[in-house]
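Here is what each chain is made of, one letter per residue.
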Amino acid sequence: MKLSEEVFNRDHALFGVLPTGEKGVRFDASILEGVVKSLVKDKLSDENAGMSEMPTPDYKPCPIFVVTTSAAVAQGPPILFRSYNSEENDADNCPIWKAARATSAAPSFFDPMFIDVPAPGAWHVDGGLRYNNPSQLALEEARHIWPRVKRFTLVSVGSGRQSNVEFVKIKDVQPPKETSKSLMGRIMSKVPGSGVVAKIKNVPGGMKVKELANVWKACVEMSTSSEPTHQAMLKFAYSTDPQSRFPYYRFNVESGMDSIGLEEWKAIVRIGEVTRQYMREGVPKMERAKCVEGLTSPAPLECT
């Protein structure tokens, strides 16, 4: 919480409007960098310690990776910064604070982060844009680290279930009689390249502008949603092939968290309340007991 308070204490947005100019972001990334450097120095005595560095030769920490998205090729595969060697990848020499800064570079919140290794370097933004739920990536990485292990236990912890994503605000009424052009058709007719001469900047005020805003908002929410990955992991974990199944636990507060933003550090009491209530409920409580038992008394290791 101390970290959150320091980083998010000063919001540059005024009445929900981002500042203009070069610094069109809400928060000062240099404050985040300073806080992370201080934490790394406290733990490893060097604020520039790298992802691959160990304080002592016999120190064997848990393998860790963080995810970023290429700022220039956002549709490409995720970029992972690793603290470990595996069959396919070596540990990264990138300083820990730079990797932490890059994976936190949420657009509109912080500036993109430039990392110069490997040369010639690249710009990075938050990996949560497409990989907000890295469960599948974690499973793939585990298979690279321990290639002979047949079955892993996967524990996924969410930050609260997202509310329903709406492209348009659908009211509980009968469909309109007008059928010549759908609402989505009217929206897309204003998108450049759709074959319509009218440009997006010429859309008049009122409902049409709101419709476009809804589409934009829905696209952002879909790109950061954790639910599709969770559903995919459920299918893998409970595969029709018994040999492919593995223990999978997902803990994610069902309601009350979706309205709390990344920057709302003052909501700690509310976060605690809804989380505790969620963990008291039947299914999460039973899943927690099974998860604890599985982690503290694991089944015999299965190897190929």
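Residues numbered from 1 in each chain as written. Predicted model: local features only at pLDDT ≥ 70, side-chain atom pairs only at ≥ 80, totals over all residues. Heavy atoms only, no water.

Engineer: It is not clear to me how the packing of helix α5 (residues 135-145) against helix α8 (residues 227-237) should be interpreted in this structure. Could you clarify?
Structural biologist: Geometry of a packed helix pair, given as the angle between the helix axes and the separation of the axes. Across the interface, α5 lies against α8 with an axial gap of 9 Å and an inter-helix angle of 45 degrees. Viewed along their axes, α5 and α8 adopt a mutual orientation that is oblique. Contacts from Ser135, Gln136 and Leu139 of α5 reach α8 at Thr229, Ala232, Met233 and Phe236. (Axes fitted to C-alpha atoms, helices over the stretch in contact; angles between N-to-C directions. Helix = DSSP H or I, 4+ residues; strand = E, 2+ residues; numbered from the N terminus. Parallel < 35°, antiparallel > 145°, perpendicular 65-115°, else oblique. Contact = heavy atoms within 4.5 Å.)

Engineer: Which parts of the structure should I look at to understand α5?
Structural biologist: Every α-helix carries 3.6 residues per turn, so stepping three or four residues along brings you back to the same face. Considered for burial, the residues of α5 that qualify are Ser135, Leu137, Leu139, Glu141 and Ala142. Looking at the packing, one finds that the buried side of α5 touches β1 (65-70), β2 (79-82), α4 (128-131), β5 (154-157) and α8. (Buried < 20%, exposed > 50% of the residue type's maximum accessible area, 1.4 Å probe, protein only.)

Engineer: Would you explain the sheet that holds strand β4 (residues 122-126) in this entry?
Structural biologist: Sheets are built from strands paired through backbone hydrogen bonds, the pairs being either parallel or antiparallel. One open sheet accounts for 4 strands, arranged β2-β1-β4-β3; its pairing is antiparallel. Here the strands that pair on one side only, and so sit at the sheet edges, are β2 and β3 (113-115). The average angle at which neighbouring strand axes cross in this sheet is 50 degrees, direction not considered. Pairing of β1 with β4 involves 3 bridges; the strand directions are antiparallel. Counted as the bridge partner of Thr68 is Asp126 from β4. Running at roughly 120 degrees to β1, α5 makes contact with β1 and β2 of the sheet. (Pairing = 2+ DSSP bridges.)

Engineer: Can you help me understand the side chain of Ser156 in this one?
Structural biologist: Among the secondary structure elements, Ser156 is positioned in strand β5. Here Arg250 takes part through its side chain, which lies 2.6 Å from a polar atom of the side chain of Ser156. Residues within four places of Ser156 in sequence aside, it is in contact with Asn133, Ser135, Tyr248, Tyr249, Arg250 and Phe251. (Polar contact = N/O pair within 3.5 Å; in protein donor to acceptor, adjacent residues only side chain to side chain.)

Engineer: Where do I start with the packing of aromatic side chains in this structure?
Structural biologist: Remark: the centre distance and the inter-plane angle together describe each pair of aromatic rings, the angle taken between the planes. Scanning the model with the defined rule gives 6 aromatic pairs in all. Pairing Phe8 with Phe110 gives two aromatic rings, centres 5.9 Å apart and planes at 45 degrees, and the pair type is tilted. Taken together, the positions of Phe8 in helix α1 (residues 2-8) and Phe110 in the loop between α3 (96-103) and β3 put the pair 102 residues apart, joining distant regions of the chain. In this structure Phe8 comes out as buried when scored by relative accessible area, which is 12%. Classification of Phe110 by relative accessible area gives buried; the value is 3%. (Phe/Tyr/Trp six-rings, centres within 6.5 Å; stacked < 30°, edge-to-face > 60°.)

Engineer: What's the story with the confidence of the model for the protein in this structure? I'm lost.
Structural biologist: When pLDDT drops low, the exact placement of atoms in the prediction is not to be read closely. Mean pLDDT over the protein works out to 83, with 77% of the residues at or above the 70 mark. Contacts for the low-pLDDT stretch residues 193-200, under 50 throughout, to residues beyond four places or in other chains number 9 contacts. The model gives residues 203-207 a pLDDT under 50, and that stretch makes 5 contacts with residues more than four places away or in other chains. (pLDDT = per-residue confidence, 0-100.)

Engineer: Help me understand unusual backbone geometry, please; the structure alone is not making it clear to me.
Structural biologist: With the exception of glycine, the majority of residues adopt a negative phi angle, and the majority of peptide bonds are in the trans configuration. Here the residue pair Val117 and Pro118 is connected by a cis peptide bond, since its omega of -5 degrees sits within 30 degrees of zero. Checked against the element boundaries, Pro118 lands in the loop between β3 and β4. At the junction of Ala119 and Pro120, the peptide bond is cis and its omega measures out at 5 degrees in the coordinates. Within the element layout of this structure, Pro120 appears in the loop between β3 and β4. Of note, Ser45 is a non-glycine position whose phi angle comes to about 65 degrees, a positive value. Within the fold, Ser45 resides in the loop between α2 (29-44) and β1. Here Ser45 falls in the exposed class, since its relative accessible area comes to 63%. With phi around 80 degrees, Ser108 is a residue other than glycine that occupies positive phi space. Residue placement: Ser108 occurs in the loop between α3 and β3. Owing to a relative accessible area of 28%, Ser108 belongs among the partly exposed residues under this scheme.

Engineer: Honestly, the nonpolar core in this entry has me stumped. Any pointers?
Structural biologist: Grouped burial of nonpolar side chains is what soluble globular proteins tend to show. The biggest cluster of nonpolar side chains holds 21 residues, and the ones touching the most others in it are Val7, Phe8, Phe81, Phe109, Phe110 and Ile115. For Ile115, the contacting residues outside a window of four places in its chain are Phe81, Cys94, Lys98, Ala99, Ala102, Gly121, Ala122 and His124. Core analysis: the second largest hydrophobic core is formed by 10 residues, Val253, Met257, Tyr278 and Met279 among them. (Core = buried A, V, L, I, M, F, W, Y, C linked by side-chain atoms within 4.5 Å.)

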